[in-house]
Amino acid sequence: MNAQATNEAMDASSPTTLASLRDWVDQVAKLTTPDAVEWCDGSDAENKKLIDRMLADGTLQTLNEETNPNSFLHRSDPSDVARVEHLTFVCTTEEDDAGPNNHWMSPVDGHRKMDELFKGCMKGRTMYVIPYCMGPIDSPLSRCGVEITDSPYVVANMRIMTRMGEQALKRIEREGKFVKGLHSIGELDPNRRFIMHFPEELSIKSYGSGYGGNALLGKKCHALRIASHQAKSEGWLAEHMLILGVENPEGETHYIAAAFPSACGKTNLAMLIPPESYREAGWKIWTVGDDICWMRPGADGRLYAINPEAGFFGVAPGTGSDSNPNAVKTLSRDAIFTNVALTADNQPWWEGIDGDALPTVDWQGRLYDPTNGPAAHPNSRFTVSAKQCPSYTDEAENPAGVPISAIIFGGRRPSLVPLVFEARDWNHGVLVGASMGSETTAAATGAVGVMRRDPMAMKPFCGYNFADYFGHWMSFADDNDNLPKIYHVNWFRKGKDGKYVWPGFGENMRVLEWIIDRVKGEASAVETPIGNLPSAEDLNLDGLALSEDAVQTLFDFDRTGWAEEFKNIGSFLDEFGDRLTPKLRKEHAKIVDQLND
Ligand code: SAT
Ligand code: MN
């Protein structure tokens with residue numbers, strides 16, 4: 001089909017009245033020269049057609065229909081299994097606006113580089129146009145986008161992860177404003193792979209990867225990198241946080257937002273099932289979201305949050321009835337699995353899954369051989385609708401969002417950092433978030449287990465200079481004393497034997513209870529320079545059988561160790577130079593003084 005014919009065919013099929021959208025789709029089709037253009041309406045019939053297409057060309061495989069109804073396996077290219085931070089750029093006019101926390105390219109160079117890659121790249125392929133809404137379709141906190149992609153796998157995932165199709169298109173036409181995301185899997189060549197963000201234009205260009213956050217542009221690219229930039233100018237926050245509700249025996253629900261780096265247990269915490277004694281007493285956890293949180297102050301000053309996503313893109317390994325029974329139920333049907341292994345009877349398999357079945361085929365489709373490493377890729381994933389989660393609450397669909405009572409920061413810290421502590425006030429809490437550290441995981445390519453600073457778990461996702469971001473966070477306290485309390489937790493503390501000291505998972509409920517009681521002014525804590533720490537008596541540890549050593553490790557405050565840590569935090573803050581808000585420096589200096597007293 002020549003370019004003229006493509007354009008005519010497309011104009012005839014374009015379902016939108018919005019000229020700016022039609023023109024952009026038109027331009028992209030001219031650049032990428034697909035054989036066909038399909039606008040996605042999000043219908044079941046459309047999804048079925050795409051699934052059949054992918055089954056026919058091997059992009060998807062069916063799984064055991066009895067054990068996993070309507071579920072599929074996708075194997076990505078073995079070089080394309082995680083986010084690629086070194087190939088991810090923020091293209092702002094001024095380099096300093098992207099900050100030392102981002103790779104930067106000028107918008108002109110960024111567009112030139114990407115447009116060269118996109119030229120003719122969809123020849124022989126279908127170009128899909130996906131209108132989507134991040135957040136409940138009728139929420140003023142939600143924002144819309146359109147992703148253009150040549151990957152039907154991306155369409156099928158976006159259908160689960162966002163409110164996609166007709167309704168979203170209507171909202172986009174009403175608002176006239178949307179984030180433009182252009183994606184092609186290209187040749188899946190790591191040397192021709194870039195994820196570029198143009199926050200000033202609300203646009204994204206991603207080439208050469210079909211995986212997760214690199215390709216499902218509504219997720220990290222839009223809902224965090226572009227949205228964080230947008231949120232800064234509009235007075236709200238776009239954060240890498242789960243949202244959960246804690247319902248107490250009196251029937252009151254407190255909502256908590258919690259930031260942890262990728263693959264540090266956000267999904268598990270969001271779907272927590274309290275220990276039996278708590279369940280019997282009437283405690284319940286409700287899931288609102290497991291990865292991203294958009295929040296803004298309401299008229300009463302409280303922060304109101306929505307989960308912009310509609311599904312979970314969760315890490316499969318380690319998911320079992322011991323760690324996350326709700327996830328096990330959630331993904332028992334209608335799920336897409338990426339890079340998991342298979343059993344002899346075609347069930348999905350990963351390390352930590354329930355049952356005795358063994359893998360026979362690994363994530364690359366080879367006969368399983370333990371000398372090749374794990375059977376499932378450590379970053380293998382499931383994509384599944386949030387509506388299938390037994391603990392998902394209707395409040396997640398509330399257009400007004402849910403009021404947040406507490407914010408938690410946490411990372412993987414094998415030493416020094418106690419189980420939980422509380423920031424004295426909002427500004428101290430911002431420092432706690434800004435100085436977060438964690439060991440790296442398989443969610444991004446690169447070494448695993450290396451400690452790095454990951455402020456607010458946003459190191460890979462903040463679409464602008466962290467110095468400005470910390471300033472933006474602090475600005476919320478300027479005229480508002482109704483903000484959530486801020487906490488830091490560490491589920492990953494190790495003992496002398498190198499084993500985790502805290503049992504984690506459902507037992508984390510005990511920490512949530514202390515947090516809620518603190519919010520209500522009903523629990524005690526000890527003041528230390530780093531914040532308010534519970535003593536072991538302040539937490540319900542009944543039935544845990546922790547050794548004395550373990551208790552000490554979890555609740556002790558190590559002054560010498562923290563003095564060293566604060567030196568490191570100081571050097572980290574120095575990286576942001578004069579642009580850093582003096583208020584953050586002041587918080588740091590105050591604590592350094594107290595530590596040296
Ligand atoms: O690949 S994603 O960015 O979507 C998942 C994650 O790393 O959190
Ligand atoms: Mn994440």
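These numbers come from a predicted model, not from an experiment. (Residues numbered from 1 in each chain as written. Chains lettered and ligands numbered in written order. Predicted model: local features only at pLDDT ≥ 70, side-chain atom pairs only at ≥ 80, totals over all residues. Heavy atoms only, no water.)

### Describing the coordination of the manganese ion (ligand 2)
Right, on to step 1. Listed as protein donors to the manganese ion (ligand 2) are K220 (NZ), H240 (NE2) and D291 (OD); their distances from the metal cover 2.1 to 2.2 Å.
Right, on to step 2. Here the donor residues of the manganese ion (ligand 2) share one chain and are spaced in sequence as K-x19-H-x50-D. One end of the pair, H240, is in the loop between β12 (237-239) and β13 (241-247); the other, D291, is in the loop between β15 (284-289) and β16 (293-297), with 51 residues separating them in the sequence. Side by side, H240 and D291 carry an identical accessibility label, which is buried. (Donors = N, O, S within 2.8 Å, 3.2 Å for Na, K, Ca; no water. Helix = DSSP H or I, 4+ residues; strand = E, 2+ residues; numbered from the N terminus. Buried < 20%, exposed > 50% of the residue type's maximum accessible area, 1.4 Å probe, protein only.)

### Regarding unusual backbone geometry
Right, on to step 1. You will see that D334, though not glycine, has its phi angle at about 50 degrees, which is positive.
Right, on to step 2. Of note, D334 is situated in the loop between α12 (325-330) and β19 (336-338).
Right, on to step 3. Phi is positive for N346, which is not a glycine, with a value near 70 degrees.
Right, on to step 4. By the secondary structure assignment, N346 is in the loop between β20 (341-343) and β21 (348-349).

### A closer look at the sheet that holds strand β22 (residues 359-361)
Right, on to step 1. With respect to topology, three strands assemble into an open sheet ordered β21-β20-β22, the strand pairing being antiparallel. In this open sheet, the two strands that pair with only one neighbour each are β21 and β22.
Right, on to step 2. Relative to β22, β20 is paired through two bridges, and the arrangement is antiparallel. Residue pairing across strands places T343 opposite P359, the latter belonging to β22. (Pairing = 2+ DSSP bridges.)

### Some thoughts on the site of ligand 1
Right, on to step 1. Taken together, R83, G212, G213, K219, K220, S262, F313, R381 and A443 make up the full set of residues adjacent to ligand 1.
Right, on to step 2. Taken together, the elements giving at least two residues each to the shell around ligand 1 come down to α8 (212-215) and α9 (218-234).
Right, on to step 3. Looking at the shell around ligand 1, its residues break down into two nonpolar, three polar and four charged. (Near = heavy atom within 4 Å. Nonpolar A, V, L, I, M, F, W, Y, C, P; charged D, E, K, R; others polar.)

### A closer look at the pattern of salt bridges
Right, on to step 1. By the definition in use, this model includes 35 salt bridges.
Right, on to step 2. Salt-bridge contacts for D96 lead to R579; the nearest nitrogen and oxygen are separated by 3.4 Å. Highlighted residues: D96 in helix α4 (residues 95-98) and R579 in the loop between α17 (559-574) and α18 (582-596), separated in sequence by 483 residues.
Right, on to step 3. The salt bridge involving R579 is made with D97; its shortest N-O contact spans 2.8 Å. Here the residue R579 occupies a position in the loop between α17 and α18, and D97 occupies one in helix α4, the gap between them amounting to 482 residues.
Right, on to step 4. Connected through shared salt-bridge partners, K219, K220, K266, D291 and E309 make up one network. (Salt bridge = Lys/Arg side-chain N within 4 Å of Asp/Glu carboxyl O.)

### So, the packing of helix α3 (residues 44-57) against helix α6 (residues 152-161)
Right, on to step 1. As a packed pair, α3 and α6 sit with axes 10 Å apart at the nearest point and diverge in direction by 140 degrees. Taken as a pair, α3 and α6 cross one another with a handedness that is left-handed. Residue-level contacts link D44, N47, L50 and M54 of α3 to P152, Y153, V155, A156 and R159 of α6.
Right, on to step 2. A class-by-class count of the residues in the contact of α3 with α6 yields six nonpolar, one polar and two charged. (Axes fitted to C-alpha atoms, helices over the stretch in contact; angles between N-to-C directions. Left-handed = near helix turned anticlockwise from the far one by under 90°. Contact = heavy atoms within 4.5 Å.)

### Structural notes on the nonpolar core
Right, on to step 1. Residues I407, F409 and W473 are the most contacted members of the largest nonpolar core, which totals 145 residues.
Right, on to step 2. In this structure, W473 is in contact with L237, E239, M241, I407, F409, W426, V430, M456 and I486, ignoring residues within four places of it in sequence.
Right, on to step 3. V511, L512, A523 and L554 belong to the second largest nonpolar core, which has 37 residues in total. (Core = buried A, V, L, I, M, F, W, Y, C linked by side-chain atoms within 4.5 Å.)

### Some thoughts on helix α5 (residues 107-118)
Right, on to step 1. Across its twelve residues, α5 extends 16 Å between first and last C-alpha, which sits within 8% of the 16 Å expected from 1.5 Å per residue.
Right, on to step 2. Those residues of α5 that sit buried are P107, G110, H111, M114, L117 and F118. Down the axis of α5, the buried side of the element spans an arc of 130 degrees, and every buried residue falls inside it. Opposite the buried face of α5, at more than 90 degrees from it, the exposed residues are V108 and E116.
Right, on to step 3. Where α5 is buried, its residues touch α2 (19-32), β9 (179-184), β10 (194-198) and β11 (203-207). (Expected span 1.5 Å × (residues − 1). Arc of directions from axis to C-beta.)

### What about the domain arrangement of the protein?
Right, on to step 1. Partitioning the protein into structural domains gives domain 1 (3-60 + 83-234), domain 2 (238-310 + 393-596) and domain 3 (312-388).
Right, on to step 2. Distance between the C-alpha centres of domain 1 and domain 3: 28 Å.
Right, on to step 3. Counting residues at the interface gives nine residues for domain 1, matched by eleven residues for domain 3.
Right, on to step 4. In this assembly, domain 1 packs against domain 3 so that about 850 Å² is buried in total across both faces, 68% of it on carbon and sulfur atoms.
Right, on to step 5. Applying the counting criterion to the domain 1 and domain 3 interface returns zero salt bridges. (Domains from an automatic or database assignment. Buried area = accessible area lost by both parts, 1.4 Å probe.)

### Topic: the environment of I130
Right, on to step 1. Turning to its location among the elements, I130 is positioned in strand β6 (residues 126-134).
Right, on to step 2. As a C-alpha pair, I130 and V155 span 25 residues in sequence and 7.2 Å in three-dimensional space.
Right, on to step 3. In contact with I130, other than residues within four places in its own chain, are C40, G145, V146, E147, T149, V154, V155, M158 and M164.

### Some details on the environment of K30
Right, on to step 1. Mapped onto the elements, K30 comes out in helix α2.
Right, on to step 2. Along the primary structure K30 and K119 are separated by 89 residues, whereas in three dimensions their C-alpha atoms are 8.6 Å apart.

### Examining the sheet that holds β19
Right, on to step 1. Taken in spatial order, the five strands make up an open sheet running β2-β3-β19-β23-β18, and their pairing is mixed. In this open sheet, the two strands that pair with only one neighbour each are β2 (61-62) and β18 (311-315).
Right, on to step 2. Where strand β3 (residues 72-74) meets β19, three bridges bridge the pair, whose relative direction is parallel. Within β19, the position partnered with H74 by the bridge is T338.

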